[in-house]
Amino acid sequence: MPDIPTATPRARVRVPLRFADGYGTDAELVTFHGLADGREHLAVVLGDPGPVPLVRLHSECLTGDVFGSARCDCGPQLREAVERITDRGGILLYLRQEGRGIGLYNKLDAYALQDEGLDTYAANAALGLPEDARDYTAAAQMLTALGVTELDLLSNNPDKADQLRTLGIAVRDRVPTGVFTTAHNIHYLRAKALQTRHTLPLAELTELTAG
């Protein structure tokens, strides 16, 4: 196990979750002491987690999660993950890493550059920012504090699995999420498939962007 600081659960509270489409479930929200980056990340425990729970690392997206922005797939992924994890039993880690770690204001600046033709990664680079600044040390701390040493990861992003393994968490399987396309996010999804090997249907997305 890498030498990372130990985190401990701070508080646990039951919260009923209700979504706009009528779906609802009950969750246990867990906060933590000692997270490496000092941010207020949250574990959402859903269903009855077994010895190898289904886990999603969901990075905060105010525009998608709260306002329903069609420029990304974050809101639909969050909604899907809550239901799938509830059915299987597991944990959703809601990580305060807006804009792949660059923050909300910078993300919106990058959106403006995307409107001029840059893809999501090139826009970050044009602002002098990393393509993806996310670090999952805190996620590994949270999982360890909850007693999770092996999991199935609900994600299209291979970097999440790679980082967790490096941090000492065994990822048995990476389970793809659904593909949530809109007229406004096709170029974004295609960039993720091309640039960072996300598990997405590249040929289909390429055909849509050429249309």
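Treat the numbers as computed from the prediction; the structure is a model and nothing was measured.

Colleague: Describe the pairing of strand β7 (residues 170-175), naming the residues involved and giving the relevant values.
Modeller: Looking at chain direction, strand β6 (residues 150-154) and β7 are connected through five bridges and run parallel. From the neighbouring strand, Leu154 faces β7, where its bridge partner is Val175. Taken together, β6, helix α6 (residues 158-166) and β7 constitute a β-α-β crossover, and its handedness is right-handed.

Colleague: Please set out the side chain of Thr137 residue by residue, giving values where relevant.
Modeller: Residue position: Thr137 is located in helix α5 (residues 137-145). What makes Thr137 buried here is its relative accessible area of 15%. Contacts of Thr137, omitting those with residues within four sequence positions, involve Ile4, Ala36 and Leu167.

Colleague: Could you give me a rundown of the sheet that holds strand β1 (residues 8-18), with the residues and numbers involved?
Modeller: Strand order across the open sheet formed by seven strands is β1-β2-β3-β5-β4-β6-β7, with mixed pairing between neighbours. Of all strands in the sheet, those with a lone pairing partner are β1 and β7, marking the two edges. Shown here is a sheet whose adjacent strand axes are inclined to one another by a mean of 30 degrees, direction ignored. Contacts from helix α2 (residues 74-88) reach β1, β2 (24-33), β3 (42-46), β4 (54-59), β5 (90-95), β6 and β7 within the one sheet, and its direction differs from that of β4 by about 160 degrees. Lying over the sheet, α5 contacts β1, β2, β3, β4, β5 and β6, oriented at roughly 145 degrees with respect to β5.

Colleague: An account of α6 is requested, with residue identities and associated values reported.
Modeller: Looking only at α6, the buried set comprises Pro158, Lys160, Ala161, Gln163 and Leu164. Where α6 begins, the side chain of Asn157 points an oxygen toward the backbone nitrogen of Asp159, at a separation of 3.0 Å. Gly168 lies just past α6 and shows a positive phi near 95 degrees.

Colleague: Talk me through the nonpolar core; I want residue IDs and the actual numbers.
Modeller: In this structure, Leu57, Leu93, Leu143, Leu151 and Leu164 are the most contacted members of the largest nonpolar core, which totals 26 residues. Within the residue set of this core, elements represented by two or more residues are β2, β3, β4, β5, α5, β6 and α6. Counting residues per element, this core draws most heavily on α5, which supplies five residues. Those residues in contact with Leu143, other than ones at most four positions away along the chain, are Val55, Leu93, Val148, Leu151, Leu164 and Ile169. Ranked by size, the runner-up nonpolar core spans 15 residues in total, among them Ala27, Leu54, Leu78 and Leu92.

Colleague: Please provide a residue-by-residue account of the packing of aromatic side chains, values included.
Modeller: On inspection of all chains with the given rule, the structure shows one aromatic pair. Measuring from ring centre to ring centre gives 6.2 Å for Phe19 and Tyr23, while their planes differ by 40 degrees; the resulting arrangement is tilted. By relative accessible area, which is 25% here, Phe19 ends up partly exposed. Owing to a relative accessible area of 15%, Tyr23 belongs among the buried residues under this scheme. Sitting over the ring of Tyr111, Arg71 keeps its end group 4.2 Å from the ring centre. The positively charged end of Arg79 is found above the aromatic ring belonging to Phe19, 5.6 Å away from the centroid.

Colleague: Would you mind going over helix α3 (residues 104-114) in detail, with residue names and values included?
Modeller: Of all the residues in α3, the buried ones are Lys107, Ala110, Tyr111, Leu113 and Gln114. One side of α3 carries all its buried residues, which in axial view fall inside an arc of 160 degrees. The inward-facing, buried residues of α3 contact α1 (62-66) and α4 (120-126).

Colleague: Lay out unusual backbone geometry in plain terms, naming residues and giving numbers.
Modeller: In most cases, non-glycine residues show a negative phi, while peptide bonds are predominantly trans. Although it is not a glycine, Arg100 adopts a positive phi angle of roughly 55 degrees. Position of Arg100 among the secondary structure elements: in the loop between β5 and α3.

Colleague: So what about the state of the cysteines? Which residues, and what values?
Modeller: Throughout this description, disulfide means a covalent bond between two cysteine sulfur atoms. For the structure shown, the criterion picks out zero disulfides. For Cys61, which is in no disulfide, the shortest distance to another cysteine sulfur is to Cys74 and amounts to 3.7 Å. The exposure class of Cys61 is buried, given its relative accessible area of 4%.

About the criteria used
Residues numbered from 1 in each chain as written. Predicted model: local features only at pLDDT ≥ 70, side-chain atom pairs only at ≥ 80, totals over all residues. Heavy atoms only, no water. Pairing = 2+ DSSP bridges. Helix = DSSP H or I, 4+ residues; strand = E, 2+ residues; numbered from the N terminus. Right-handed = clockwise from strand over helix to strand, strands pointing away. Buried < 20%, exposed > 50% of the residue type's maximum accessible area, 1.4 Å probe, protein only. Contact = heavy atoms within 4.5 Å. Axes fitted to C-alpha atoms, helices over the stretch in contact; angles between N-to-C directions. Polar contact = N/O pair within 3.5 Å; in protein donor to acceptor, adjacent residues only side chain to side chain. Core = buried A, V, L, I, M, F, W, Y, C linked by side-chain atoms within 4.5 Å. Phe/Tyr/Trp six-rings, centres within 6.5 Å; stacked < 30°, edge-to-face > 60°. Lys NZ or Arg CZ within 6 Å of the ring centre and 35° of its normal. Arc of directions from axis to C-beta. Disulfide = S-S within 2.5 Å.

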